[in-house]
Amino acid sequence: MNTLEINNLQKKIDKDFVLGPLNTEIEPGSVVALVGSNGSGKSTLFQMIMGLVKHDEGSIKVMNVNAGEPEMKKSTAYLPQSLVVQGKFTMRQLADLNKLAFADWSETIFQEYVQKFGIPLNKRLDKMSGGIQKKAFLAIQLSRSSSLLLLDEPYAGLDFAGQEMLDEEIIKYMERSENQTVLFASHSGDEIKRIADYIWLVHQGRHIGIFEKDELQQNWRRVWIKDSLAIKNDTPGLISVNQADGSLITKNNSQTLESLKKKGIEVLHTQPMDLREILTELLKKEEKGEKLI
Ligand SMILES: Nc1ncnc2c1ncn2[C@@H]1O[C@H](COP(=O)(O)OP(=O)(O)OP(=O)(O)O)[C@@H](O)[C@H]1O
């Protein structure tokens, strides 16, 4: 059974922006980074998964249960991007509310996080710094035994130590059982590189694809050639050619090199690409309307 299944999901946000159609299947045991430019609909998608925002068409299922249903909320923990809503509570009050709402609440785990993250229990959340607030809400979400953890830009605003802690906590969350899944929105190539298995790329509300991170890093290369004018558009794996510096970008290094060799085109040098560069190239392709998969 998939952890998350989204079929033909659509939501009209305003007259200029329709989110979707989005389709995806996320298997248990994966850490997936949701990546897309500002305003692509990532936060709205999280809210729709939680049933906080209604979708117009299609379906969202978490472990076969429809979005927003009580059973689904029990299995899913969610850290929103904006934390202001519950700001008037103290950490202790918010923890007590969660303790009442969720039978799987663990006070022992919660106390461990309070110590570890250094969160004051009796201070109002909206009086805490942004980073401490984020740690507080993370502590609340991690104190339950959910199977799906939705994190909307969890690293934003965390100091270096906090980022390292969050890496560790995501790894520990995944180790709780083989059915754990994390979906997190991010704009940082470094975080994605450190922690994600898959990258779910969206652009202006549209689904571009789900890519295996290691596969992208292994197969994408920048290649400098002696005669870049000889490169034909049908070269296998070719993404783009930069005539100015005589290089090309390929999404399938071995196929491209084999084809260049057959055609007698001399390769001067190849270089691995940074994940951020790869994702930027994928987005550029999408903007030009050129399909990649
Ligand atoms: N409360 C709201 N009312 C009206 N429109 C909204 C609301 N929240 C978001 N939108 C619109 O929905 C679209 C998607 O916004 P959303 O916040 O989901 O994108 P995002 O990918 O999370 O962006 P970012 O990376 O900047 O956080 C945008 O066009 C935004 O203007």
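These figures come from a predicted structure and were not determined experimentally.

Cut-offs applied
- Residues numbered from 1 in each chain as written.
- Predicted model: local features only at pLDDT ≥ 70, side-chain atom pairs only at ≥ 80, totals over all residues.
- Heavy atoms only, no water.
- Near = heavy atom within 4 Å.
- Polar contact = N/O pair within 3.5 Å; in protein donor to acceptor, adjacent residues only side chain to side chain.
- Areas by Shrake-Rupley, 256 points an atom, 1.4 Å probe, with all protein chains shown as cover.
- Helix = DSSP H or I, 4+ residues; strand = E, 2+ residues; numbered from the N terminus.
- Nonpolar A, V, L, I, M, F, W, Y, C, P; charged D, E, K, R; others polar.
- Expected span 1.5 Å × (residues − 1).
- Buried < 20%, exposed > 50% of the residue type's maximum accessible area, 1.4 Å probe, protein only.
- Contact = heavy atoms within 4.5 Å.
- Salt bridge = Lys/Arg side-chain N within 4 Å of Asp/Glu carboxyl O.
- Core = buried A, V, L, I, M, F, W, Y, C linked by side-chain atoms within 4.5 Å.
- 1 Å grid on protein atoms, 1.4 Å probe; cavity = no way out; pocket = protein on both sides within 12 Å on 5 of 7 lines; lining within 4 Å.
- Points joined across faces, edges and corners; volume = space filled by probe spheres on them.

Thoughts on the site of the ligand
- Residues in close proximity to the ligand total 13 residues, the closest being Gly39, Lys42, Ser43, Thr44 and His187.
- Contact between the ligand and Lys42: an oxygen atom at 2.7 Å from a side-chain N or O atom of the residue.
- Taking Gln81, its side chain carries an N or O atom lying 3.4 Å from an oxygen atom of the ligand.
- Considered on its own, the ligand offers 640 Å² of accessible surface; in the complex 56% of this is hidden by protein.
- Among the elements that take part in the shell around the ligand, helix α1 (residues 42–49) stands out by supplying 3 residues, more than any other.
- Partitioned by chemical class, the residues of the shell around the ligand number 2 nonpolar, 9 polar and 2 charged.

Things to note about the environment of Gly157
- Within the fold, Gly157 resides in the loop between β7 (148–152) and α6 (160–175).
- Along the chain, Gly157 and Leu121 lie 36 residues apart, while their C-alpha atoms are 20 Å from each other.

Description of α6
- Compared with an ideal rise of 1.5 Å per residue, which puts 16 residues at 22 Å, α6 spans 23 Å between its outermost C-alpha atoms and is within 8% of the ideal.
- What α6 keeps buried is the set Gly162, Gln163, Met165, Leu166, Asp167, Glu169, Ile170, Tyr173 and Met174.
- Turning to α6, the residues buried within the fold contact β3 (31–35), α4 (107–117), α5 (130–142), β7, β8 (181–185) and α7 (189–195).

Structural notes on the pattern of salt bridges
- Applying the stated rule across the entire model yields 17 salt bridges.
- For Arg92, the salt bridge is made with Asp96, and the minimal N-O distance between the two is 2.7 Å. A residue pair is termed a helical-turn pair when its members lie 3 or 4 positions apart in one helix, as Arg92 and Asp96 do in helix α3 (residues 91–101) at 4 residues.
- A relative accessible area of 32% means that Asp96 is categorised as partly exposed.
- Of the charged contacts in the structure, one is a salt bridge between Asp159 and Lys135, with a shortest N-O distance of 3.8 Å.

Points about the nonpolar core
- Met91, Val182, Phe184 and Leu279 are the most contacted members of the largest nonpolar core, which has 51 residues in total.
- Of all the elements, α5 adds the most residues to this core, at 6 residues.
- When neighbours within four sequence positions are excluded, Met91 is seen to be in contact with Phe110, Val114, Ile119, Pro120, Leu121, Lys123, Leu125, Met128, Ala136, Ala139 and Ile140.
- The next biggest cluster of nonpolar side chains, apart from the first, holds 26 residues, and it includes Phe17, Met72, Leu183 and Val202.

Topic: empty space enclosed by the protein
- All chains considered together, the criterion is met by 1 cavity of 30 Å³ or more.
- Within this model, the largest cavity holds a volume of roughly 40 Å³.
- If you go around the largest cavity, the residues you meet are Phe117, Lys135, Leu138, Leu158, Gly162, Met165 and Leu166.
- Considering each element in turn, the lining of the largest cavity owes the most residues, 3 residues, to α6.
- When the residues that make up the lining of the largest cavity are grouped by side-chain class, the tally is 5 nonpolar, 1 polar and 1 charged.

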